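# Structure at a glance
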Amino acid sequence: MKNRLTLLMLLFAPAAFAQGQPGSKKAEGPVISLGGGIAQTTSTYLKDSAFFGNGPRLTGNVFIPVFKPAPALSLGLDVAGSYTWLKADNSLSFVQKNYRLTEGAISPSAPEGVKNSRAFSFSAGPQLQWSAGRFFISPGIRLGYTNVSRGGFSIGDSITPSSAFDRKRYITFFSVDETAAGGLTVAPQLKAGLRIGRHLSLWAGAEYVSGPAITTTSTYWQPLGEPVDGAYNYGQYVEGKAITRSVESKLSSFGLQGGIAFHLPGGKTRDGGVEKPLLQSTEQQPVPSQQKDPQRKQTATAPVILSPDRHMTASLHNGHLFFHYIPSDFPQSGMKLIIWKIQEGRRIKVLEDTWLNGWNGAVKGEQLKADKSGVSRYEAQLTAFYHPAAGIKSTNKSIFLAASVPVYENNGNSNIAAFNIQNNCTVDHAFSLDSTKCIGGDTIRVYGHANILPNSAGVTSAIITFDPVFLETTTNTQVTPVNIQPANPFTVTTNSTSFSFDVVGDMCNKQLRVFYDFSYQCPTLSVPAHIPCADTISLPCCICTYCDDPANMNIVTGAQSFTLVNTGEAAISQQFTVTPKNITKVTAQIVYIGESNIDPACRDCAKDESAVYHFTGSNQAQWNGGGQINGAPSPAKIIQWDCNNQGDLALNMHIALPGLAQLDCCRRDIRICIRYTFTDKDCKTCERLVCYEGTQIPKH
């Protein structure tokens, strides 16, 4: 890397969207916008149960400027119309998911076709437009009227019996009546755009629409009895019945759109002059000292500062100026920063300071502000220099270049760390966390790559070493990586080297900050240089089902017992702790019976053979030590308790056993498995399977 007097010559300038000079009141013309996008229904019932799904939306807007409170601001009236198709294509998958046949497959179809709903909306309201250069942002809110309509349709299939004596039966699993509604609409929105010509711009925007209440009447088929492993047999479908319900739900949707806008010409300025071009150049004539240095001809729009090769090296954030390289902690290094404001072709120095090693790369940026016109330009010069050790005479006055080593995190901010700057031996590197993947359970694999960048020092390899722990940034929890591939540490060269590691735990939708050390050995140095760095990546949510997420339903299985009450009956007790939502229904179903072989002389008939291995007598549930709740029905293979509680649950049940002869040598080993289901207030059901073992002996 060549030694040069100046490390960095940086220019930056904010620019204003010049729709009129200060002091002139220029009448702007209307803006006509056309576009389209996607509307996403946010009402859970309408989307998942009434099938007002996502769909395309066409929009048209006319923005009429009223007055300009500031040169870059316009306030006016936005008049809009839209036409939306809310697709019902998820209705078939709804039937496939909720209706399963034990003896075969169900292939539902809509004989009259699935009917998509259509929504027409007309609205108007205030809108503010703020401009900066070619870029503009327009927040606003509109009130209006929306009409929604959809035709009726049904979904069904012919199911085939398992017995040859039965005939095929057509079942209408689901049908919805014709629906129509209309009412008031409230639609806040935010648009952003880029001018690509004097009268033309491209825009993108987002809006939330809160519309009228829609009453939907639907009929669904309820099979007889309970399913087995989520499926019903042919007889249960045939003996079922149709249930009709009407539900009112408010239409709401979130939309993303984009399109093109036409800016119609406006009037003349107040002083009667000819209308000036809409876009005013912010390019300043260089000061005399700049004309001899081509590096200083590079400019950028604030708050970003660019280096001569057009790489971002500094930015303004939260009132501070951050330099996006890692400053030196080499004891004999120093940094000198000078910032000038360029005004009327002259330089005005606003900052000059010198730091020794350990500077964190940030300076207060309050003095770096735009003037009344909204346009200012600054020039920054940062110099890194070398101090010979005390008592050593040296003519080495050279000022060396410190490499720019950005550590850009995923959220766009830079992490300022420190490294050793050595004379004529500064090496850049690339380090990026690329992607993540769920690999089972609560384990997430993170992938990335790293390499050393070409450099004049001749360094061709370096070492990446991960710190023992990383950081989950939401709660500052330490996370230990496992299964690092290749093994930690690993060598990187000028060729890209891929790496991966695993994190285990509850990292659902959290940010992970990875700390590592980048070290290299220069031929002219006796010790390696170290660069401690960090990068951040968003992690996925690996919990795939409702019941696997303890935030939805957390079922902890507690103590259990199997006790012989008498020869013909067993008492089973089971404890659970269920959180965090109230449970509205608990069921217990006998799903497995196993018993040992016994001598034929020990066989005997039970008092009630039809009740053998059924719940019988009193079966009670008790929440948190409160009152007893009786289960029903009895005798039965499955019993149910209705409730509205959460917390500690104690179940006490009785099961009838087969007969056993009254002989001392007779005994029967029994294994019973019960499937417990818990339905919460959101109508979601989760289950636990518990098995019990005991020995039946005669009672004299």
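Residues numbered from 1 in each chain as written. Predicted model: local features only at pLDDT ≥ 70, side-chain atom pairs only at ≥ 80, totals over all residues. Heavy atoms only, no water.

As a further point, take the overall build of the protein chain. Within the protein chain one finds four helices and 35 strands. Within the span of the protein chain, comprising 700 residues, buried residues form 43% of the whole. Pairs at least 24 residues apart make up 71% of the contacts formed inside the protein chain by residues separated by at least 6 positions. (Helix = DSSP H or I, 4+ residues; strand = E, 2+ residues; numbered from the N terminus. Buried < 20%, exposed > 50% of the residue type's maximum accessible area, 1.4 Å probe, protein only. Contact = heavy atoms within 4.5 Å.)

A few words on unusual backbone geometry. A cis amide bond links Gln485 to the next residue, Pro486, at an omega of -10 degrees. Its place among the elements puts Pro486 in the loop between strand S24 (482–485) and strand S25 (490–493). Across the junction of Ala632 and Pro633, the peptide omega takes the value -5 degrees, indicating a cis bond. For Pro633, the position within the fold is in the loop between strand S32 (628–630) and strand S33 (638–656). You will see that Asp229, though not glycine, has its phi angle at about 55 degrees, which is positive. Notably, Asn624 is not glycine yet its phi reads approximately 50 degrees, a positive angle. The class of Asn624 is partly exposed, set by a relative accessible area of 47%.

Below, the discussion takes up the pairing of strand S4 (residues 73–86). Bridge analysis of strand S3 (residues 55–70) against S4 gives eleven bridges, and the strand direction is antiparallel. Note on S4: the bridge partner recorded for Thr59 is Ser82. Bridge analysis of S4 against strand S5 (residues 117–132) gives 14 bridges, and the strand direction is antiparallel. For Val79, the partnering residue across the bridge sits in S5 and is Ala124. (Pairing = 2+ DSSP bridges.)

Quantified by volume, the largest pocket comes out at close to 1,800 Å³. Along its surface, the largest pocket is lined by 37 residues, and Asn98, Tyr232, Cys683, Lys684 and Thr685 are the ones closest to its centre. (1 Å grid on protein atoms, 1.4 Å probe; cavity = no way out; pocket = protein on both sides within 12 Å on 5 of 7 lines; lining within 4 Å. Points joined across faces, edges and corners; volume = space filled by probe spheres on them.)

A contiguous nonpolar patch, built from Ile32, Leu34, Val62, Ile64, Val66, Phe67, Leu77, Phe262 and Leu264 and spanning about 720 Å² of accessible area, is present on the exposed surface. Elements that contribute at least two residues to the nonpolar patch include exactly strand S2 (31–41) and S3. The element contributing the most residues to the nonpolar patch is S3, with four residues. Looking at where Ile64 falls in the secondary structure, it is placed in strand S3. (Patch = residues over 30% accessible without salt bridge, like charges linked within 9 Å, V, L, I, M, F, W, Y side chains within 5 Å. Areas by Shrake-Rupley, 256 points an atom, 1.4 Å probe, with all protein chains shown as cover. Salt bridge = Lys/Arg side-chain N within 4 Å of Asp/Glu carboxyl O.)

Turning next to the environment of Ala606. Turning to its location among the elements, Ala606 is positioned in the loop between strand S30 (569–595) and strand S31 (620–623). The spatial distance from the C-alpha of Ala606 to the C-alpha of Leu660 is 7.7 Å, given a sequence separation of 54 residues. When near neighbours in sequence (up to four residues on either side) are disregarded, Ala606 contacts Val612, Leu657, Pro658 and Gly659.

By definition, the strands of a sheet pair up through backbone hydrogen bonds, in either a parallel or an antiparallel sense. The strand order across the open sheet formed by four strands is S19-S20-S26-S24, and the pairing between neighbours is antiparallel. Unpaired on one side and paired on the other, strand S19 (429–438) and S24 mark the two borders of the sheet. Going from strand to strand, the sheet's axes swing by 15 degrees on average, the running direction of each strand aside. Relative to strand S26 (residues 497–504), S24 runs antiparallel, the two being bridged by two bridges. (Axes fitted to C-alpha atoms, helices over the stretch in contact; angles between N-to-C directions.)

As a general rule, the predicted coordinates of low-pLDDT regions are not to be interpreted in detail. Here the protein chain averages 75 in pLDDT, and 73% of its residues register 70 or above. Here residues 1–26 is modelled with pLDDT under 50, and outside its nearest four sequence neighbours on either side it reaches 122 contacts, counting other chains as well. Low pLDDT (under 50) marks residues 391–424, which in the prediction has 101 contacts with non-local residues, meaning those over four places away or in another chain. (pLDDT = per-residue confidence, 0-100.)

Moving on, we come to empty space enclosed by the protein. What the rule picks out here adds up to four cavities of 30 Å³ or more. The calculated volume of the largest cavity comes to roughly 280 Å³. Along its surface, the largest cavity is lined by 25 residues, and Arg57, Ser82, Arg142, Glu207 and Val209 are the ones closest to its centre. Broken down by secondary-structure element, the contributors of at least two residues to the lining of the largest cavity are S3, S4, S5, strand S6 (135–150), strand S9 (179–195), strand S10 (200–222) and strand S11 (241–263). Classifying every residue of the lining of the largest cavity by side-chain character gives eight nonpolar, 13 polar and four charged. (Nonpolar A, V, L, I, M, F, W, Y, C, P; charged D, E, K, R; others polar.)

We now examine the pattern of salt bridges. Summed over the entire model, instances satisfying the criterion amount to eleven salt bridges. The salt bridge partner of Arg671 is Glu693, with a shortest N-O separation of 2.7 Å. Highlighted residues: Arg671 in strand S34 (residues 668–680) and Glu693 in strand S35 (residues 685–696), separated in sequence by 22 residues. With relative accessibility at 31%, the residue Arg671 sits in the partly exposed group. With a closest N to O distance of 4.0 Å, Glu687 and Arg675 form a salt bridge. Of this pair, Glu687 sits in strand S35 while Arg675 sits in strand S34; the two residues are twelve residues apart in sequence, bridging distant segments of the chain. Of the residues examined, Glu687 reaches a relative accessible area of 43% and is grouped as partly exposed. Salt bridges sharing partners connect three or more residues here, namely Arg57, Asp78, Arg142 and Glu207.

One pass over the structure, following the stated rule, counts four disulfides. Through a disulfide, Cys547 is tied to Cys686; the S-S separation comes to 2.0 Å. Because the sign of the S-S torsion sets the handedness, a value of about -95 degrees for the bond joining Cys547 and Cys686 places this disulfide among the left-handed ones. Of this pair, Cys547 sits in the loop between strand S28 (529–538) and strand S29 (554–566) while Cys686 sits in strand S35, placing them 139 residues apart in sequence. Judged by its relative accessible area of 28%, Cys547 falls in the partly exposed class. Shown here is the disulfide that connects Cys602 with Cys666, its sulfur atoms set 2.1 Å apart. One quick way to see it: the torsion about the S-S bond of Cys602 and Cys666 is about -85 degrees, and its sign makes the bridge left-handed. One end of the pair, Cys602, is in the loop between S30 and S31; the other, Cys666, is in the loop between S33 and S34, and 64 residues separate them in sequence. (Disulfide = S-S within 2.5 Å.)

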